[in-house]
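# Breakdown of the fold
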Amino acid sequence: MKKLNVGMIGGGFMGKAHSLAYAAMPMFFWPAPAIPHRHTVVDVKEELAKDAAARLGFEHYSTDWREVVNNPEIDVIDIVTPNNTHAEIAIAAAKAGKHIISEKPLALGAAEAKEMLEAVKAAGVKHAVAFNYRRTPAVALAKKYIQEGRIGEILSFRGTYLQDWSADPNSPLSWRFQKKIAGSGALGDIGTHVVDFARYLVGEISDVNALTRTWIPERPLQTGGIDKLGTVKNSGADVPKGTVDVDDEVITMVKFENGAIGTIEATRNAWGRNNFLTFEIHGTKGSLFFNYENRDELQVSFSDDPSDAKGFRTVYTGPATPYGEALWPIPALGIGYGETKIIETHDFFKAIVEEDTQFSPNFNDGYRIELIADAILESAEKGQWVNVNELEE
Ligand code: NAI
Ligand code: SOE
């Protein structure tokens, strides 16, 4: 069976998730399209890279991503570093002829994303952006129902991504609060997952009208350089603080090219909400509701449901629903974050080995999502509707 050597840049939170998927993918999808071989992991310091290799099962480690990108033994570059590094690594990897999977958001903005897209197109390599939540089986089931016309013509989409890990002002100034590293705040970090849902399930977004707020304008500087997503507090009068220069919260109305309308909300300041990634879609013949916190479930209501049984009911994903044959044999046995990454890895490796197969979402989608995010920021600043296509150069 074909083996593809992976060079993974970054050994943090997503480094762990992607490594798990490389190890587990062939256990779920057999025969695998190709076996991912964890060849080299890169991190910024020798002790981090060495530790990552031992922990995540990589054969080699390095502190120089350029060396790995240019290593002829490497087939796939996996970018799991903070957002400001994605473009430089991806463009170099494309020039070196590597297939690329980049974590989301693709870039700091549309201008960078466009350069990345042009680089992968010129190189003819396969490319992916890791908006993995669309590969939750219940989300793929919603897509199937929509494609089959089960809810008719879509009228509206309401999407949220609400978390509370940064609601405490003593949560430190992680890279996610710094524009030069993150690009934007809740919008780029989690709002883009909802934008991916909206485009995947409903269609292209044409116009946006947004509000953004920064609720906590400064935060204690992070000590130790370790980003623990707000779980390590840094309090006290003498703790130096730094400026938050990104949005904490975004709410936007959206218009779709097909006439549907919707809203997208994202915040990391919503006490009590953890990974409250939801959508509710209303169509002419029914409605669908999904909440990632209950990710085995899709709530459905159809116009021809019996009149004495009105309301949403729960469909549990399992062997008969998307990806079911590869996953667990009983519905509701439990889909986790890991499974979404395992499916993503399978689908990307399949796209690599099959000449005519393209992975989706890819850099085209990543670029379009950056354009939409740029439009949302511009709309919030100007206080008016912004047409997304008008931002395209
Ligand atoms: P993290 O901060 O946990 O890990 C990033 C790692 O990259 C750290 O070990 C850091 O030392 C290393 N790094 C930074 N610059 C580097 C460089 N130039 N060369 C080599 N290593 C470098 O960050 P996390 O949470 O893993 O996020 C990484 C990316 O994944 C971000 O783009 C983020 O938005 C995305 N992400 C996506 C998620 C999803 O659900 N799809 C979930 C969490 C993060
Ligand atoms: C933090 O908000 C975070 O890790 C995001 O960066 C991810 O994209 C999201 O999936 C989980 O939360």
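Relevant structure appears above.
Residues numbered from 1 in each chain as written. Chains lettered and ligands numbered in written order. Predicted model: local features only at pLDDT ≥ 70, side-chain atom pairs only at ≥ 80, totals over all residues. Heavy atoms only, no water.

### Things to note about the sheet that holds strand β14 (residues 286-291)
Rule in force here: When DSSP locates at least two bridges between a pair of strands, those strands are taken to pair. Numbering of helices and strands runs from the N terminus; a helix is a DSSP stretch of H or I covering at least four residues, while a strand is a stretch of E covering at least two. We call two residues in contact when some of their heavy atoms are within 4.5 Å. With axes taken as lines fitted to C-alpha atoms, and helix axes fitted only over the stretch in contact, angles between N-to-C directions fall between 0 and 180 degrees.
Across the sheet, which stays open at both edges, the nine strands sit in the order β16-β15-β14-β13-β7-β12-β11-β8-β17 with mixed pairing between neighbours. Taken across any chain shown, the strands that pair with only one partner, and hence form the sheet edges, are β16 (313-316) and β17 (386-387). Pairing between strand β7 (residues 154-162) and strand β13 (residues 276-283): eight bridges, direction antiparallel. Within β13, the position partnered with Ser156 by the bridge is His282. Sheet strands in contact with helix α6 (residues 137-147) are β7, β13, β14, β15 (297-302) and β16, and its direction is about 25° off that of β15. The sheet contacts of helix α8 (residues 186-201) involve β7, β8 (205-213), β11 (249-256), β12 (261-267), β13 and β14, and relative to β12 the element is tilted by about 155°.

### Quick word on the site of ligand 1
For clarity, the cut-off: For each residue, the test is whether any non-hydrogen atom lies within 4 Å of the molecule or strand; if one does, the residue is near. By the criterion applied in these results, polar contacts are pairs of N or O atoms within 3.5 Å in which, for protein atoms, one can donate a hydrogen and the other can accept it, and in which residues neighboring in sequence qualify only through two side-chain atoms. Shrake-Rupley sampling with a 1.4 Å probe provides the accessible areas, and residues are treated as covered by the protein chains on show and by no other component. Residue type decides the class: Asp, Glu, Lys and Arg count as charged, Ala, Val, Leu, Ile, Met, Phe, Trp, Tyr, Cys and Pro as nonpolar, and the leftover types, Gly among them, as polar.
Around ligand 1, a shell composed of 27 residues is seen, among which Met14, Asp43, Asn83, Lys104 and Tyr337 lie nearest. Interatomic distance of 2.5 Å between a side-chain N/O atom of Asp43 and an oxygen atom of ligand 1. One of the side-chain nitrogen or oxygen atoms of Arg176 is found 3.0 Å away from an oxygen atom of ligand 1. Burial of ligand 1 by the surrounding chains reaches 87%, relative to a free accessible area of 840 Å². The set of elements that each furnish at least two residues to the shell around ligand 1 consists of α1 (13-28) and α9 (337-353). Looking at the shell around ligand 1 residue by residue, the classes come out as 13 nonpolar, eight polar and six charged.

### Focus: the site of ligand 2
In the region of ligand 2, the neighbouring residues are Phe13, Lys104, Tyr133, Tyr161, Gln163, Trp165, Arg176, Asp189, Ile190, His193 and Leu229. One nitrogen or oxygen atom from the side chain of Trp165 is found 3.0 Å from an oxygen atom belonging to ligand 2. Asp189 places a side-chain nitrogen or oxygen 2.5 Å from an oxygen atom of ligand 2. Relative to its unbound accessible area of 300 Å², ligand 2 is 91% covered by the protein chains. By residue number, the principal contributor to the shell around ligand 2 is α8, which donates three residues. Here the shell around ligand 2 is built from residues that sort into six nonpolar, two polar and three charged.

### Brief notes about the nonpolar core
For soluble globular proteins, nonpolar side chains are generally found buried alongside one another. The condition that has to hold: To define a nonpolar core, start from buried Ala, Val, Leu, Ile, Met, Phe, Trp, Tyr and Cys residues and group those joined through side-chain atoms within 4.5 Å. When accessible area is computed with a 1.4 Å probe and restricted to protein chains, residues below 20% of their type maximum are described as buried, those above 50% as exposed, and intermediate ones as partly exposed.
In this structure, Phe157 and Ile205 are the most contacted members of the largest nonpolar core, which totals 77 residues. With nine residues, the top contributor of residues to this core is α8. Among all residues touching Ile205, those that are not within four sequence positions of it are Val195, Ala198, Val254, Lys255, Phe256, Ile264, Arg368, Ile372 and Val388.

### Observations concerning the pattern of salt bridges
Convention followed: Salt bridge, as applied in this entry: a Lys or Arg side-chain nitrogen positioned within 4 Å of an Asp or Glu carboxyl oxygen.
Summed over the entire model, instances satisfying the criterion amount to 16 salt bridges. The closest approach of N and O atoms between Glu148 and Lys144, which form a salt bridge, is 3.1 Å. Glu148 sits in the partly exposed class, given a relative accessible area of 42%. Across the pair Arg176 and Asp189 runs a salt bridge whose closest N-O atoms are separated by 3.4 Å. Separated by 13 residues along the polypeptide, Arg176 in the loop between β7 and α7 (179-182) and Asp189 in helix α8 bring together distant segments of the chain. In this structure, a network of salt bridges that share partners links the residues Lys104, Arg176, Asp189 and Arg268.

### Points about the sheet that holds strand β3 (residues 60-62)
Pairing in this open sheet of six strands is parallel, and the strands run β3-β2-β1-β4-β5-β6 from one edge to the other. The open sheet has two free edges, formed respectively by β3 and β6 (127-129), since each of these has just one partner strand. Across the sheet, the mean angle from the axis of one strand to that of its neighbour is 20°, orientation sign disregarded. Bridging between strand β5 (residues 99-102) and β6 involves three bridges; their strand directions are parallel. Directly across from Ser102, in β6, lies its bridge partner Val129. Sheet contacts for α1: β1 (3-9), β2 (35-42), β4 (76-79) and β5; angle to β2, the most-contacted strand, approximately 155°.

### What about the pairing of β1?
Rule in force here: For crossovers, right-handed means that the path from the first strand over the helix to the second runs clockwise, given strands pointing away from the viewer.
Among the seven residues of β1, six are classified as buried, and the element is accordingly described as predominantly covered. Two strands pair when backbone bridges link them, and β1 and β2 are joined in this way by seven bridges, in the parallel orientation. Paired with Ile9 across the strands is Val42, a residue of β2. Each parallel crossover has a hand, and the one from β1 via α1 to β2 is right-handed. One ladder, built from four bridges, connects β1 with β4; its direction is parallel. Bridge pairing in β4 places Met8 opposite Asp78.

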